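In case you want the letters, here they are:
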Amino acid sequence: MNVENRIHELRAELDQHNYRYYVLDEPSVPDAEYDRLFNELKALEAEHPHLVTPDSPTQRVGGSALAAFSQVRHEIPMLSLGNAFEEDDLRDFDRRVVEGLDLPTGDLFAEEAAVDYSCEPKLDGLAVSLLYRDGLLVQGATRGDGTTGEDISANVRTVRNIPLKLQGTGWPAVLEVRGEVYMSKAGFERLNAAQAEVGGKTFANPRNAAAGSLRQLDSKITASRPLEFCCYGVGQVSESIADSHIGILEKLKGWGMPISRELRHAAGVEQCLAYYRDIGARRNDLPYEIDGVVFKVNNLAAQRELGFRAREPRWAIAHKFPAMEELTEVLDVEFQFGRTGAVTPVARLKPVKVAGVTVSNATLHNMDEIARLGLMIGDTVIIRRAGDVIPQVMQVVTERRPESARPVQVPSQCPVCGSQVERTQLVKRSKGKETTSEGAVYRCVGRLACAAQLKQAIIHYVSRRAMDIDGMGEKSVEQLVDEGLIRSPADLYRLTFEQVVELEGFAEVSSNKLLDAIEASKRPSLARFIFALGIPDVGEETAKVLARSLGSLARVQQALPQVLTYLPDIGLEVAYEIHNFFEDDHNRDVIQQLLDSGLQLQDEGELAPEFAASTTLDSMIAKLDIPSVGPTGAQKLVAKLGTLDKIIEADGIDLRQALNTKQAEAVREFFKAPANQQLARAIEAQLLGFGMHWASEKKVAEGLPLAGQTWVLTGTLERMSRDVAKEKLESLGAKVAGSVSGKTHCVVAGPGAGSKLAKANDLGVKVLDEDAFVSFLDAQGIAV
Ligand code: IVH
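A few points on the structure.

**Some thoughts on the pattern of salt bridges**
- Taken as a whole and assessed by the stated rule, the structure comprises 36 salt bridges.
- The residue Asp 291 makes a salt bridge to Lys 122 at a minimum N-O spacing of 3.6 Å. Taken together, the residues Asp 291 in strand E10 (residues 290-297) and Lys 122 in strand E3 (residues 116-123) connect sequence positions 169 residues apart.
- With a relative accessible area of 16%, Asp 291 lands in the buried category.
- Across the pair Glu 325 and Arg 384 runs a salt bridge whose closest N-O atoms are separated by 3.3 Å. Taken together, the residues Glu 325 in strand E14 (residues 325-337) and Arg 384 in strand E17 (residues 380-384) connect sequence positions 59 residues apart.
- For Arg 384, a relative accessible area of 6% corresponds to the buried category.

Structure representation (structure tokens):
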């Protein structure tokens, strides 16, 4: 077959698939097949550019940007619709139709005539007119003022379900199709998420998103937006199509035009009302937003007889649903302290009815959202309640801002417990450098002392992986807190038999059992205890790292955030969470109370040898984030100058002996700031206080047999869980990683091991099966 024929064949086939997909809603081929055909066509057209035609399915990508839209005059004006809000408004409309058509009006002798109406959803988008000449799309226009609109031909061509060419036969030579361009709810969410990601403009609702996308001078932007079209009528036609409205729509559907799946007949006004109620009940479940339904007298002769009144047809009406957006005032912004301590700003609104429900609060999510909205207390805002979604503040109407408007401020202290409210830190790494910035979330750091967080804190504290207090379920924690018997975890250890036996679900035996379990939990490992404290972002793994590396609770409590970043897998973000937690007086109090109530940590001891070994003056300098000074620069500096004091006091000449000019200047500049000097000295003092010795050379970790090694576990182990295997390896000093690399020392592979085992074999990494692993542990004196 020659190229030209193949191109025609591909276009016909793609048009057919598009039609089945968009108009009939019954796709005939999988997306992959469609893509294959599409790509073949694209390739052929690229090779033979003279064969490209404007109606090819490949021509929906948008063209070059316009300077302005030109104007288009509508041969037949694009009118608007009258509105009905109440059921009686619709009955009045029907009465006018019946009278206008001189039909029997339900008096004593005749039964009231049931007018044949068409029923369609009223899509919330924008009206467009599409002009087809000889079956080809030649022009697209907006409604404008109804008489003159804008030429958006290049843009409508990018809308996927607008046919560039009509299907079948029998269409009038001149055919103007009218309908709504809209954005689906899902498309709107996707677009806003993508816009927010790149810091672009987000849209208040699908209607604005559709309008903003369609009225782009650059049609490539329109092409990237998820727009859809639904046809609801015709404008000028060179010959008549059918004698009823629904007849016309069905013809159009046959020619490839998407029409509403919800199009129905109704015999008389009561059936119209039933349609309204049915669509209303399904409104939230429809994939697009509607603001009502439209009823039209179906018979075209009857339409002509009724005619128009001003700019509205007498034969059609929009029956509106309650609006999903309203204006109201922000009376105040309050802060809710959640169960994790996160602080959520909530707008208190002057009560307003939105889509039938009175709204007096709306969440503002976080401070970034308030900044994005530019919201101040006293502002008038647009509130939107989409379906079951919690009401949202979409926009501030800045023009209505009163002089008394004031900015929103986060309280510096938690109103519940009085602890500090801290802003979370975000840490970004690029080119090996860490930079911190402020996060959107504020948090009350009084984790153990804050009543707002207490239940969750205690549920976590007693849980199996934490203090493992058997018999203490969530229900009992809730009861104990509600009855005021527990105000902090330390109170657990003061519970008496008399108090427990009163709780719901506790008898004599179970009460004694619980008290025994509480008693038995008094000797936890340091790691368990740290995990049980529920420090934000500190899971079991991090707790173990802290315990193993620092060895004592005192060191963990004192550690500076920068010092914590010496530990494996702890970045500045988590380091600050840990530091803030232990800085808080309330938290310190509770920890002291816990220790006073007889809690004894089992395994406190020295600093881990690998920690001491890796903590050298040059690594400390490298971690100070002095611009352009990395590990190598830091090493040279220490080799030349020896101590931190000398480095801080060095002049340009001294520094240039060790570093290049740029680096030397950066070091001098850095230590010029007293704050940086202080920080470096504080870190040094702490590291020295932890019993670490300065040495430029890294010492080989001594002590634990697997220190410095990385192991990987994969597949299922039958004689122990992966968690247990991990703990055992870690107790020997190994780090357990999630993936295999050239740096892996050994892989333990149980049955079902897959890609990790294959990779280990590829890289020649040593592999142990479960038996060999158990023997190895045995040899190390660890029982399974
Ligand atoms: S018929 C003369 N049908 O509503 C009749 N309009 O207020 C003209 N709309 O500008 C319109 N869905 O943007 C009609 N199924 C539907 C509609 C619909 C949405 C919009 C359209 C029009 C406005 C009229």
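**Overview of the site of the ligand**
- Not every one of the 14 residues close to the ligand is listed here, only the nearest: Glu 120, Lys 122, Glu 180, Tyr 232 and Lys 296.
- One of the backbone N or O atoms of Leu 123 is found 3.3 Å from a nitrogen atom in the ligand.
- For the ligand, whose free accessible area comes to 520 Å², the fraction covered by protein is 86%.
- Those elements giving two or more residues to the shell around the ligand turn out to be E3 and E10.
- Counting residues per element, the shell around the ligand draws most heavily on E3, which supplies four residues.
- Here the shell around the ligand is built from residues that sort into eight nonpolar, one polar and five charged.

**Considering the side chain of Thr 714**
- By secondary structure assignment, the location of Thr 714 is in strand E21 (residues 710-714).
- By relative accessible area, Thr 714 is classed as buried at 7%.
- Leaving out residues up to four positions away in the same chain, Thr 714 has contacts with Arg 722, Val 747, Val 748, Ala 749, Gly 750, Ala 753, Gly 754, Lys 756 and Leu 757.

**Some points on the nonpolar core**
- With 89 residues, the main nonpolar core has Tyr 461, Phe 529, Leu 546, Leu 550, Phe 611 and Phe 671 as its most contacted residues.
- Setting aside residues up to four positions removed in sequence, Phe 671 forms contacts with Leu 624, Ile 626, Leu 644, Ile 647, Ile 648, Asn 676, Gln 677 and Ala 680.
- Listed in part, the 36 residues of the second largest apolar core include Leu 166, Val 181, Phe 188 and Ala 211.

**Here's the deal with helix H8 (residues 245-254)**
- For H8, the complete set of buried residues consists of His 245, Ile 246, Gly 247, Ile 248, Leu 249 and Leu 252.
- The inward-facing, buried residues of H8 abut E3, strand E7 (174-183), strand E8 (227-237), strand E9 (264-267), E10 and helix H10 (300-306).

**Here we look at the packing of helix H27 (residues 661-672) against helix H28 (residues 674-689)**
- Viewed as axis vectors pointing N to C, H27 and H28 meet at an angle of 90°, and their least axial separation amounts to 5 Å. Taken together, H27 and H28 sit at an angle that is classed as roughly perpendicular. Within the contact between the two elements, H27 uses Phe 670, Phe 671 and Lys 672 and H28 uses Pro 674, Asn 676, Gln 677 and Ala 680.
- Here the contact of H27 with H28 is composed, by residue class, of four nonpolar, two polar and one charged.

**A short note on the packing of aromatic side chains**
- Taken as a whole, this structure holds 11 aromatic pairs when the rule is applied.
- Aromatic pair Phe 581 and Phe 582: ring centres 5.1 Å apart, planes at 85°, arrangement edge-to-face.
- Take Phe 581: its relative accessible area is 1%, and that puts it in the buried class.
- Of the residues examined, Phe 582 reaches a relative accessible area of 1% and is grouped as buried.
- Ring plane angle 85° and centroid distance 5.1 Å describe the contact between Phe 670 and Phe 671, whose orientation is recorded as edge-to-face.
- Grouped by ring-pair contacts, the aromatic residues Trp 711, Phe 773 and Phe 776 constitute a single cluster.
- Above the ring of Tyr 566, the side-chain terminus of Lys 623 is found at 5.0 Å from the ring centroid.

**What about unusual backbone geometry?**
- Of note in the backbone geometry, Asp 134 takes a positive phi value of approximately 50° without being a glycine.
- Inspection of the secondary structure assignment puts Asp 134 in the loop between strand E4 (126-133) and strand E5 (136-142).
- Residues other than glycine seldom take positive phi values, yet Asp 468 does so here, at roughly 55°.
- Among the structural elements, Asp 468 can be located in the loop between helix H12 (451-462) and helix H13 (474-482).

**Section: the sheet that holds strand E22 (residues 735-737)**
- Read from one edge of the open sheet, four strands run E22-E21-E23-E24, paired in parallel fashion. Sheet topology places E22 and strand E24 (766-768) at the edges, where each strand pairs with a single neighbour. Ignoring strand direction, the axes of neighbouring strands in this sheet form an average angle of 30°.
- When E21 meets strand E23 (residues 746-749), the two strands line up parallel, connected through four bridges. Among the inter-strand pairings, Thr 714 is bridged to a residue of E23, identified as Ala 749.

**As for helix H3 (residues 87-100)**
- The first and last C-alpha atoms of H3 sit 20 Å apart over 14 residues, in line with the 20 Å expected at 1.5 Å per residue.
- For H3, every residue scored as buried is listed here: Leu 90, Phe 93, Asp 94, Val 97 and Val 98. Seen end-on, H3 carries its buried residues on one side only, within an arc spanning 135°.
- On the buried face of H3, the contacting elements are strand E2 (82-84), E3, helix H9 (269-282), E10, H10 and strand E13 (316-320).
- At the exit of H3 stands Asp 102, carrying a positive phi of roughly 60°.

**Remarks on the sheet that holds E4**
- An order of E5-E4-E7-E8 is seen for the four strands of this open sheet, with the pairing classed as antiparallel. The open sheet has two edge strands with one neighbour each: E5 and E8. Going from strand to strand, the sheet's axes swing by 30° on average, the running direction of each strand aside.
- Across eight bridges, E4 lies against E7 in antiparallel orientation. Residue pairing across strands places Val 128 opposite Gly 179, the latter belonging to E7.
- Against the sheet, helix H6 (residues 206-214) contacts E4, E7 and E8, and its axis sits at roughly 130° relative to E7.

The rules behind these values
Residues numbered from 1 in each chain as written. Predicted model: local features only at pLDDT ≥ 70, side-chain atom pairs only at ≥ 80, totals over all residues. Heavy atoms only, no water. Salt bridge = Lys/Arg side-chain N within 4 Å of Asp/Glu carboxyl O. Helix = DSSP H or I, 4+ residues; strand = E, 2+ residues; numbered from the N terminus. Buried < 20%, exposed > 50% of the residue type's maximum accessible area, 1.4 Å probe, protein only. Near = heavy atom within 4 Å. Polar contact = N/O pair within 3.5 Å; in protein donor to acceptor, adjacent residues only side chain to side chain. Areas by Shrake-Rupley, 256 points an atom, 1.4 Å probe, with all protein chains shown as cover. Nonpolar A, V, L, I, M, F, W, Y, C, P; charged D, E, K, R; others polar. Contact = heavy atoms within 4.5 Å. Core = buried A, V, L, I, M, F, W, Y, C linked by side-chain atoms within 4.5 Å. Axes fitted to C-alpha atoms, helices over the stretch in contact; angles between N-to-C directions. Parallel < 35°, antiparallel > 145°, perpendicular 65-115°, else oblique. Phe/Tyr/Trp six-rings, centres within 6.5 Å; stacked < 30°, edge-to-face > 60°. Lys NZ or Arg CZ within 6 Å of the ring centre and 35° of its normal. Pairing = 2+ DSSP bridges. Expected span 1.5 Å × (residues − 1). Arc of directions from axis to C-beta.

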